[in-house]
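For reference, the chains in residue letters:
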Amino acid sequence: MTEAMIRTKPGMVSVKEMPLLQDGPPPGGFPPVRYARRIPTKGPSALAIFLTAFGAFSWGMYQVGKGNKIRRELKEEKYAARRAILPMLQAEEDERFVREWSKYLEEEARIMKDVPGWKVGESVYHSGRWMPPATGELRPDIW
């Protein structure tokens, strides 16, 4: 039975008789759909970034060069001061060496007094060249 017979009034007998009503686009059509990737052009350009980085690098290298120049001048001043006091330091070392050498010869004479033919202060190496003793060799109190 159809709805029309049950209600006893005219109506549709079948869904097929239903008027075709379909949604459509608004008058003038729909606006276009954005599907492309659009990156906003905010911020500085690549050239501006490159020039800024190059400028910062150049300024930094200039500062490094200035620092190297100052450091080189300080180093040269330090070496000049060392060269100025070197003769005095060498004289003090020579004086200490002569004192230690005389003590060393006295100790050698005391130790080797019973050895026949031993000459105090004579080198056991027969190279003909004088070589200063190795470091710590003139310290009989450490032996």
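Residues numbered from 1 in each chain as written. Predicted model: local features only at pLDDT ≥ 70, side-chain atom pairs only at ≥ 80, totals over all residues. Heavy atoms only, no water.

**Student:** Looking at this structure, I do not really get the overall build of the protein. What am I missing?
**Tutor:** On a plain count of helices and strands, the protein comes out with 2 helices and 0 strands. Put simply, the protein has 143 residues, and 5% of those count as buried. Counting every atom, the protein has about 13,900 Å² of accessible surface; 62% of that belongs to carbon and sulfur. (Helix = DSSP H or I, 4+ residues; strand = E, 2+ residues; numbered from the N terminus. Buried < 20%, exposed > 50% of the residue type's maximum accessible area, 1.4 Å probe, protein only. Areas by Shrake-Rupley, 256 points an atom, 1.4 Å probe, with all protein chains shown as cover.)

**Student:** Just checking my understanding: could you explain the packing of aromatic side chains for this structure?
**Tutor:** Two measures describe an aromatic ring pair: the distance that separates the ring centres and the angle between the ring planes. Within this structure, the stated rule accounts for 3 aromatic pairs. When the ring of Phe97 is compared with that of Trp101, the centres are 5.9 Å apart and the planes differ by 15°; the resulting orientation is stacked. Within this pair, Phe97 and its partner Trp101 are both found in helix H2 (residues 46–111), separated by 4 residues, close to a single helical turn. Linked through ring pairs, Phe97, Trp101 and Tyr104 together constitute an aromatic cluster. (Phe/Tyr/Trp six-rings, centres within 6.5 Å; stacked < 30°, edge-to-face > 60°.)

**Student:** What exactly am I supposed to notice about the UniProt feature "transmembrane region" (unreviewed entry) in the protein here?
**Tutor:** UniProt tags residues 45–62 as "transmembrane region" (unreviewed entry). Counting secondary structure, residues 45–62 comes out at 94% helix and 0% strand; the distance between its end C-alpha atoms is 26 Å. (UniProt positions renumbered as here; feature names shortened; annotations may be inferred.)

**Student:** Would you mind showing me how to read a nonpolar patch on the surface here?
**Tutor:** Nonpolar side chains collect at one region of the surface, where Val115, Trp118, Val120, Val124 and Tyr125 lie side by side and expose about 490 Å² of accessible area between them. Mapping Val120 onto the fold places it in the segment after H2. (Patch = residues over 30% accessible without salt bridge, like charges linked within 9 Å, V, L, I, M, F, W, Y side chains within 5 Å. Salt bridge = Lys/Arg side-chain N within 4 Å of Asp/Glu carboxyl O.)

**Student:** Would you mind showing me how to read the pattern of salt bridges here?
**Tutor:** Opposite charge on two side chains permits them to pair, given that their charged atoms come into close proximity. In this structure the tally under the stated criterion is 5 salt bridges. Measuring nitrogen to oxygen at the nearest pair gives 3.9 Å for the salt bridge that ties Lys119 to Glu122.

**Student:** Mind showing me how you'd approach the side chain of Glu108 here?
**Tutor:** Relative to the helices and strands, Glu108 is located in helix H2. One buried charged residue, Glu108, forms no salt bridge at all, with the nearest opposite charge on Arg110 at 12 Å. Within polar-contact distance, the side chain of Glu108 engages the backbone nitrogen of Gly121 at 3.5 Å. The contact partners of Glu108, leaving out residues within four places of it in the chain, are Trp118, Lys119, Val120 and Gly121. (Lys, Arg positive; Asp, Glu negative; His and termini not counted. Polar contact = N/O pair within 3.5 Å; in protein donor to acceptor, adjacent residues only side chain to side chain. Contact = heavy atoms within 4.5 Å.)

**Student:** In this structure, what is going on with H2? I would like to understand it.
**Tutor:** Note that an α-helix has 3.6 residues per turn; residues three or four places apart therefore point the same way. Remark: the principal bend of H2, roughly 45°, maps to Leu86, with a proline, Pro87, within the next four residues. Taken together, the buried positions of H2 are occupied by Glu100, Tyr104, Glu107 and Glu108. (Bend = angle between axes of the 7 residues up to and from the residue.)

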